[in-house]
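One-letter residues, chain by chain:
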Amino acid sequence: MNAPVYNFAYLDEQTKRMIRRAILKAIAIPGYQVPFASREMPMPYGWGTGGVQVTAAILGSDDTLKVIDQGSDDTTNAISIRKFFEKTAGVKTTTVTSDATVIQTRHRIPETALNDNQVLVYQVPIPEPFRFLEPRETETRRMHALGEYGLMHVKLYEDIARHGHIATTYAYPVKVNDRYVMDPSPTPKFDNPKMDDCAALQLFGAGREKRIYAIPPHTRVTSLDFEDHPFETYRFDAPCALCGSNTSYLDEVVVNDKGGRMFVCSDTDYCETRRADGHQGAGFGADYQVT
Amino acid sequence: MRDDDQPLLICEGLSKSYGRQLACQNISFQLYPGEVLAIVGESGSGKSTLLQMLSTQLAPSKGRVSYRMRDGVTRDLAMLGEAERRFLFRTDWGYVHQDPAMGLRMAVSAGANVGERLMAVGWGHYGRIRDTSTSWLERVEISTDRIDDAPKTYSGGMRQRLQIARNLVTKPRLVFMDEPTGGLDVSVQARLLDLVRGLVNELGLAVIIVTHDLAVARLLSHRVMVMKGGEVIETGLTDQVLDDPHEPYTQLLVSSILPA
Amino acid sequence: MYVAVKGGERAIENAHQLLAHERRGDPAVPDLALAQISEQLTLAVDRVMTEGSLYDRELAALAIKQARGDMIEAIFLLRAFRATLPRFGATEPLDTANMDVRRRISSTFKDVPGGQILGPTFDYTHRLLDPSLTADTAIPAPVLGTVDVSPMPRVTDILGADGLIETSPKENPDLPVGDLTREPLSFPADRDLRLQNLARGDEGFLLALGYSTQRGFGRSHPFAGEIRFGEVEVEFMAEEAGFAVPLGSVTLTECQMVNQFKGSATEAPCFTRGYGLAFGQSERKTMSMALVDRALRARELGEDARSPAQDEEFVMSHSDNVQATGFVEHLKLPHYVDFQSELGLLRKLRKEFEATKDSAAALAEAAE
């Protein structure tokens, strides 16, 4: 039988070259979705193959990799992907954000500010911000090419007319470098401001949909809104029960069968680091409400 | 500031053939600002094909259509880039479809339908967009408390009036209309025509309206072109052509209007 | 005291071990041999090779064993392996007219040169469960006859000789063959990429779409012009040798549908085609593929394209079952961060709703 032999970080050099070319093009046109010939990977489409292909294409033997899902290093899919790179690339891995050079993430941006020596790789399920307003790819490509973004504002208008607020709470569309409208991946809108003028390079990979896009460092990224309904970041009403932070995104944990709840940092490394530095939250017992 | 001496739209030798079949033959005319031109004929006369070519939705086999843009320069429409053409379609032109569902977003609120063109040209203030939509609904006689309802819930006449509002919000200078009263009750038609006539006068719109109904032509248009078999067989001032038709076919058309 | 949940790594390892255990089943039961799968579950192997886009019976059998019989999981395994293989180039176009035919039928003529050969088929069996298969009973040898060496031209070629069916467009030998796995798909797609997409598309999906065309959602009046099954030689152009070198043969099923005739002002009317091809004996797949191929040609043939089977973007974007299952099943991944955002907004809206209700009630009371 033909036993397979794998290259560093799994992908063959030809494929890596192809992906890097797509990445370069994406960086040259911030926010524009570059089509690429996504490969079948050993994990299913929809489970991070785009992010994995981007990471595999840029990873070098002296990189340090961190992988998070929902902000945590310990969720099952983050572990699975981290082990994949440990096995196929043998790179150093870490849970400490500031020690990593490449961070692959699903649905969150780390709370710790990133620096210019880091790359953030996002896993993207549906790259097209118009997808649920216009299902046809031929039409959405034309809208981006011609800068026709009226339909997006129609959606926001409808939200305000119906709910009194813009009803998008995650995957909130942004305008990149004042030109392309982009889907930031299903990160909560809470994280949108972190993309603006970020010191790190941000790369976005969608394996199943076969698109790569990028935000170069220190690029202007603004969330779509109306002048009289400006983008508001979501505020929690109370600090993290474990470390006391009142600036981080919190997970709601149901603690007993009487509906008792507590709120803790979604970014596990951030929370642990704060606690190691001596910060302490109020613990379970206090009354929490969400705005 | 309108230069009424210059034509707004110039059509020269426009033809369309499908294989050996000639849908339109050698059509030429000029349209001036504020002028309403009716193209009448029975089905198969080529009038819809002509409208499609004039509004650049169909490429002609021969001939040319030129339009005087807002900056005063007259351009050959076939030479416009796609971005320019789409922009023109959304701002300086209107197109009213026979079936309003073709010209509206049926599942989106009336307010958003009217406001979409404004948002497409960069209006970013929800309140102002909504106020503009509201005032347009009033102008087309739709009750403003229906602003948040989708046209799915509207009657046929209301949908058509909404389509008109959606087209006029960017103050276009030229509006194409394809059988706008088709499929509506006679009384609803009358109300719609009255509204259109009022708006055309008030806004100084140039209109090219395709219709098989001579009564519509008489009510709305200054000039009329009668088409048969892809050719224009008679053209002139509406009242003159309808009161004193020269061509036998025109006479036949006129005489077949049943008195109301 | 709440402690952040840890131990995901250990949980995954344990889960994998449990899976391996389940896959093996009762150790008293003999382990399944790959040869058993390949020999006796032949049609399963055929399907996995076709949709996995890789002709290797042994690997397909292994994939089926590893996947515990889940066909799409097996197809996924084969595809992932295929993605690592080096590419040498493209073969010469296969000449199915020279097939070593084991089965060949045509519904368009009662008899055809080469004859109607039933071959091994479920077609006229009565679907009665056969308890004799619970034991390994000796099967009597099949009836033998002499091989008919007379030519067996394709029925579509017979029609074509009289100009009754459209010619298959002559390929331009200088144009590179499109490759769906190396270029991202964009619409409108050329027919070579369309057929590749359908060949590896999910059999169930294509079956449903093909069925829908027969029921009126884009009807094309199909007739099964020919279905043939057998071995075809594969040749590769060796540059150094200067001629095409035979690499071996593959077992294929080919279906040619003869559809609604079409003419124009400049051309006499003739029948139109739909085409299906698959590895192994895969008639349902090739027939469905041919129906859908024809449906997707609606626009090219000047027909009104209004049904799902005629919608190129819809069909081709959703035919790949590996992509489909990946995305459908990804809903099992944690989504609690986004869910948290939705909870937040929902609570806010509900509070506002209650507030307006209360103030409306207060006003009503005040008015009384």
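Relevant structure appears above.
Not measured: the values here are computed from a predicted model.

(A) Quick peek at the overall build of chain B. Regarding its fold elements, chain B presents 10 helices and 10 strands. For chain B, whose C-alpha radius of gyration is 18 Å, the value lies close to the compact-globule estimate of 18 Å for 260 residues. With respect to the principal axes defined by its C-alpha atoms, chain B has extents near 55 × 45 × 40 Å. The proportion of buried residues among the 260 residues of chain B is 43%.

(B) Spotlight on the overall build of chain C. What chain C contains, in helices and strands, is 12 helices and 4 strands. Computed over the C-alpha atoms, the radius of gyration of chain C is 27 Å, more than 25% above the 21 Å expected from 2.2 N^0.38 for a compact globule of 368 residues. In terms of overall dimensions, chain C has a C-alpha envelope of 95 × 70 × 55 Å along the principal axes. Counting all 368 residues of chain C, 28% fall into the buried class. Pairs at least 24 apart in sequence give 65% of the contacts found in chain C among residues at least 6 apart.

(C) A look at the sheet that holds strand 9 (residues 211–215) of chain A. All names here are of chain A. The 7 strands lie next to each other as 1-9-8-5-4-2-3, forming an open sheet whose pairing is mixed. Bordering the open sheet on either side are strand 1 (34–35) and strand 3 (92–93), each of which pairs with just one other strand. Pairing geometry for strand 8 (residues 201–206) and strand 9, over 5 bridges, is antiparallel. Note on strand 9: the bridge partner recorded for L203 is A214. Contacting strand 1, strand 8 and strand 9, helix 1 (residues 13–28) runs over the sheet at an angle of about 45° to strand 9. Contacts between helix 3 (residues 76–89) and the sheet are confined to strand 2 (64–69), strand 3 and strand 4 (102–106), with strand 2 contributing the most and set at about 160° to the helix.

(D) Layout of the interface of chain A and chain C. With 50 residues of chain A at the interface, the matching set in chain C holds 42 residues. Contributions of two or more residues to the side of chain A that touches chain C are made by helix 3, helix 4 (137–145), strand 11 (250–254) and strand 12 (261–265) of chain A. In terms of residue count, the dominant contributor to the side of chain A that touches chain C is helix 3 of chain A (4 residues). By residue class, the composition of the side of chain A that touches chain C is 23 nonpolar, 15 polar and 12 charged.

(E) Fine view of helix 5 (residues 150–163) of chain A. Under the 1.5 Å per step criterion, the end-to-end length of helix 5 of chain A is 20 Å for 14 residues, consistent within 8% with the ideal 20 Å. Residues of helix 5 of chain A that are buried: L151, H153, V154, L156, Y157, E158 and I160 of chain A. Packing partners of the buried residues in helix 5 of chain A comprise helix 4 (110–120) and helix 5 (126–139) of chain B.

(F) Here's a closer look at the nonpolar core. Judged by nonpolar contacts, the single largest core of 133 residues is most densely connected at I23 of chain A together with I39 of chain B. A61, I64, A74 and L291 of chain C belong to the second largest nonpolar core, which has 44 residues in total.

(G) Just the pairing of strand 9 of chain A, in detail. Residues and elements named next belong to chain A. The buried fraction of strand 9 is high, at 5 of 5 residues. Across the two faces of strand 9 the burial is the same, with R211, Y213 and I215 and I212 and A214 all buried. Between strand 8 and strand 9, which pair antiparallel in sequence order, lie 4 residues; one of them, K210, sits at a positive phi of approximately 60°.

(H) Quick peek at the sheet that holds strand 7 (residues 180–182) of chain A. Residues and elements named next belong to chain A. With antiparallel pairing, the 3 strands of this open sheet are ordered in space as 7-6-10. Single-partner strands in this sheet number two, and they are strand 7 and strand 10 (221–223). For this sheet, the mean inter-axis angle between neighbouring strands, taken without regard to orientation, is 30°. As defined by bridge partners, strand 6 (residues 174–176) adjoins strand 10 across 3 bridges and the pair is classed as antiparallel. In the sheet register, K175 faces strand 10, and the bridge partner there is T222.

(I) View of the packing of helix 3 (residues 42–52) of chain C against helix 4 (residues 57–66) of chain C. Residues and elements named next belong to chain C. At a closest axis distance of 9 Å, the pairing of helix 3 and helix 4 adopts a crossing angle of 100°. In terms of axis orientation, helix 3 runs roughly perpendicular to helix 4. Contacts between helix 3 and helix 4 involve A44, V45, V48, M49 and G52 from the former and R57, A60, A61, A63 and I64 from the latter.

(J) Quick peek at the environment of D99 of chain B. On the secondary structure map, D99 of chain B appears in the loop between strand 6 (93–96) and helix 3 (100–103). Given 15 C-beta atoms within a 10 Å radius, D99 of chain B is considered partly exposed.

(K) Broad picture of the packing of helix 4 of chain C against helix 5 (residues 71–82) of chain C. Residues and elements named next belong to chain C. Following both chains from N to C, one finds helix 4 and helix 5 inclined at 130°, their axes separated by 8 Å at the closest point. Here helix 4 is positioned oblique relative to helix 5, judged by the angle of their axes. At the point where helix 4 passes helix 5, the crossing takes the right-handed sense. Side by side, helix 4 and helix 5 meet where L59, A60, A63, I64 and Q66 of the first sit next to A74, L77, L78 and F81 of the second. Class assignment for the residues of the contact of helix 4 with helix 5 results in 8 nonpolar, 1 polar and no charged.

(L) Looking closely at unusual backbone geometry. The residue after F187 of chain C, namely P188 of chain C, is reached through a cis peptide bond having omega -5°. With respect to the helices and strands, the residue P188 of chain C is situated in the loop between helix 6 (155–161) and helix 7 (191–199). Even without being glycine, T56 of chain B reaches a positive phi, approximately 60°. Along the chain, T56 of chain B falls in the loop between helix 1 (47–54) and strand 4 (62–68).

(M) Layout of the environment of F81 of chain C. Residues and elements named next belong to chain C. Along the chain, F81 falls in helix 5. With 19 C-beta atoms counted inside 10 Å, the residue F81 sits in the partly exposed group. Residues F81 and F271 lie 190 residues apart in sequence; the distance between their C-alpha atoms is 41 Å.

Reading guide: rules and limits
Residues numbered from 1 in each chain as written. Chains lettered and ligands numbered in written order. Predicted model: local features only at pLDDT ≥ 70, side-chain atom pairs only at ≥ 80, totals over all residues. Helix = DSSP H or I, 4+ residues; strand = E, 2+ residues; numbered from the N terminus. Rg over C-alpha atoms; globule rule 2.2 N^0.38 Å. Buried ≥ 20, exposed ≤ 12 C-beta atoms within 10 Å, placed from the backbone. Contact = placed C-beta atoms within 7 Å. Pairing = 2+ DSSP bridges. Axes fitted to C-alpha atoms, helices over the stretch in contact; angles between N-to-C directions. Nonpolar A, V, L, I, M, F, W, Y, C, P; charged D, E, K, R; others polar. Expected span 1.5 Å × (residues − 1). Core = buried A, V, L, I, M, F, W, Y, C linked by C-beta atoms within 7 Å. Parallel < 35°, antiparallel > 145°, perpendicular 65-115°, else oblique. Left-handed = near helix turned anticlockwise from the far one by under 90°.

By themselves, these figures tell us nothing about what the structure is for.
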